[in-house]
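# Notes for the structure review
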Amino acid sequence: MINVLFVCLGNICRSPMAEALFRDILKKENLSNQITVDSAATSSWHIGSPPHKGTLAILKKYNVSSNGLVGRQLAKEDFEKFDYIIGMDESNVKNIFEITGKPQHPKIIRLLDLTQHNKDVPDPYYTGDFEETYQLVTDGCQALLEKIRNEQSLT
Ligand code: 4NP
């Protein structure tokens, strides 16, 4: 089993969006039995909370299930449990290094560094633009699946 974890600041906007979207892609590609997906926050602000209403609305718009999305905080042990730990922006990546105590590990990646965009995923909590974030997260998730296909032997 390959385990993927998406991480953002609050775990209510970007990383649950990525979790739901990536799970949807895996289902369509018949890979749900080989790859698991989860998400977490670097902060403790929204532990136990459902996603932001803007994230729920954009997932609904694109017919992606938001079942089972609940806020949790990243823990040191997550470093061993997950094979890919994907931050939404540079500050997330820095905080992942700090929480896991593993700076500069190749399994810790900024999502859009896997794409041509090479930038942070804008935080719709501040920008209000959930559509822009959704499109970028979609590109990132597709690139992540390509990377996993190249690195792992999937059946
Ligand atoms: P996220 O966005 O990291 O994409 O979930 C945020 C969610 C909540 C807050 C900030 C960013 N907040 O300040 O509570």
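For the structure given in this document, a descriptive report is provided here.

Analysis parameters
Residue positions within a chain follow its written sequence, with the count starting from 1. Note on the predicted model: pLDDT of at least 70 is required for a residue's local features to be given, and 80 or more for side-chain atom pairs to be given and counted; whole-chain, interface and lining totals, by contrast, use all residues. Calculation of side-chain values draws on the structure's entire complement of heavy atoms; hydrogens and water are dropped beforehand. Working definition: helices are DSSP H or I runs of at least four residues, strands are E runs of at least two. Numbering for both runs from the N terminus. Computation of the radius of gyration draws on C-alpha atoms, with the globule rule given as 2.2 Å multiplied by the number of residues to the power 0.38. When checking whether two residues touch, look at their non-hydrogen atoms; a contact exists if any pair is within 4.5 Å. Computed with a 1.4 Å probe, the accessible areas rest on the Shrake-Rupley method; for each residue, only the protein chains presented here act as cover. Counted as positive: Lys and Arg. Counted as negative: Asp and Glu. His and the chain ends are not counted at all. Working definition for charges: the position is that of NZ of Lys, CZ of Arg, CG of Asp or CD of Glu. Per-residue accessibility, obtained with a 1.4 Å probe over protein chains only, is compared with the maximum for each type, and a residue is labelled buried under 20%, exposed over 50%, and partly exposed between these values. In this description, a line fitted to the C-alpha atoms serves as the axis of each element, helices being fitted only across the stretch in contact, and the angle between N-to-C directions of two axes falls anywhere from 0 to 180 degrees. Angles are sorted into four bins: roughly parallel if under 35 degrees, roughly antiparallel if over 145, roughly perpendicular if 65 to 115, and oblique for all others. Crossing handedness follows the turn of the near helix against the far one: under a right angle anticlockwise gives a left-handed crossing, and clockwise gives a right-handed one. Basically, the charged four are Asp, Glu, Lys and Arg, the nonpolar ten are Ala, Val, Leu, Ile, Met, Phe, Trp, Tyr, Cys and Pro, and anything else, Gly included, counts as polar. We define proximity as follows: a residue is near a molecule or strand when any one of its heavy atoms falls within 4 Å of that partner. The definition of a polar contact used here is a pair of N or O atoms within 3.5 Å, where within protein one atom must be able to donate a hydrogen and the other to accept one, and adjacent residues in sequence count solely through side-chain atom pairs. Helix span, as expected, comes to 1.5 Å for every residue beyond the first.

### Here's the deal with the overall build of the chain
For the chain, the helix and strand inventory stands at six helices and four strands. Of the regular secondary structure in the chain, the N- to C-terminal order runs β-α-β-α-α-β-α-β-α-α. Computed over the C-alpha atoms, the radius of gyration of the chain is 14 Å, within 12% of the 15 Å expected from 2.2 N^0.38 for a compact globule of 155 residues. Each of the three principal axes of the chain carries a C-alpha extent, and together these read 35 × 35 × 30 Å. Counted over contacts in the chain with a minimum sequence separation of 6, partners at least 24 positions apart contribute 72%. Here the chain has roughly 7,700 Å² of accessible surface; of this, 48% comes from carbon and sulfur atoms. With 17 positive and 20 negative side-chain charges, the chain shows a spacing of 3 Å between the two charge centroids.

### Digging into the environment of I148
Its place among the elements puts I148 in helix α6 (residues 130-151). A relative accessible area of 0% places I148 in the buried class. Note: C-alpha distance between I148 and V4 (144 residues apart in sequence) is 9.8 Å. Contact partners of I148, with chain neighbours within four places excluded, come to I2, V4, F22, I35, Y84 and L154.

### A look at the packing of helix α1 (residues 14-28) against α6
Relative orientation of the contacting elements α1 and α6 amounts to 50 degrees, with a least axis distance of 9 Å. The angle between α1 and α6 falls in the class oblique. Like other packed secondary-structure pairs, α1 and α6 cross with a definite hand, here right-handed. In this structure, α1 uses R14, M17, A18, L21, F22, I25 and L26 to contact α6, whose residues at the interface are F130, T133, Y134, V137, T138, C141, Q142, L144, L145 and I148. A breakdown of the residues in the contact of α1 with α6 according to their chemical character gives 13 nonpolar, three polar and one charged.

### Things to note about the side chain of N92
Summarising the element assignment, N92 is placed in helix α4 (residues 90-100). The exposure class assigned to N92 is buried, which follows from its relative accessible area of 0%. Here N92 is in contact with V7, C8, L9, R14, T42 and G87, once residues within four sequence places are set aside.

### Description of the site of the ligand
The immediate surroundings of the ligand are formed by C8, L9, G10, N11, I12, C13, R14, W45, H46, D123, Y125 and Y126. At 3.3 Å, a backbone N or O of N11 approaches an oxygen atom of the ligand. Here an oxygen atom of the ligand sits 3.0 Å away from a polar atom, N or O, in the side chain of D123. In the complex, 93% of the free accessible area of the ligand, which totals 360 Å², lies under the protein chains. The residue inventory of the shell around the ligand, partitioned by class, reads seven nonpolar, three polar and two charged.

### Some remarks on α6
With 22 residues, α6 extends 31 Å between its outermost C-alpha atoms, agreeing within 8% with the 32 Å of an ideal straight helix rising 1.5 Å per residue. Taken as a whole, α6 has its buried residues at F130, T133, Y134, L136, V137, T138, G140, C141, A143, L144, L145 and I148. Contact partners of the buried residues in α6: β1 (2-8), α1, β2 (35-41), α2 (53-61), β3 (84-87) and α5 (124-127). Its side-chain oxygen placed 3.3 Å from the backbone nitrogen of E131, D129 serves as the N-cap of α6.

### Observations regarding α1
For α1, spanning 15 residues, the distance from its first C-alpha to its last is 21 Å, which sits close to the expected 21 Å at 1.5 Å a residue. Here α1 has its buried residues at R14, S15, P16, M17, A18, E19, A20, L21, F22, D24, I25 and L26. The elements touched by buried residues of α1 are β1, β2, α2, α4, α5 and α6. Downstream of α1 by one or two residues, N30 has phi in the positive range, about 60 degrees.

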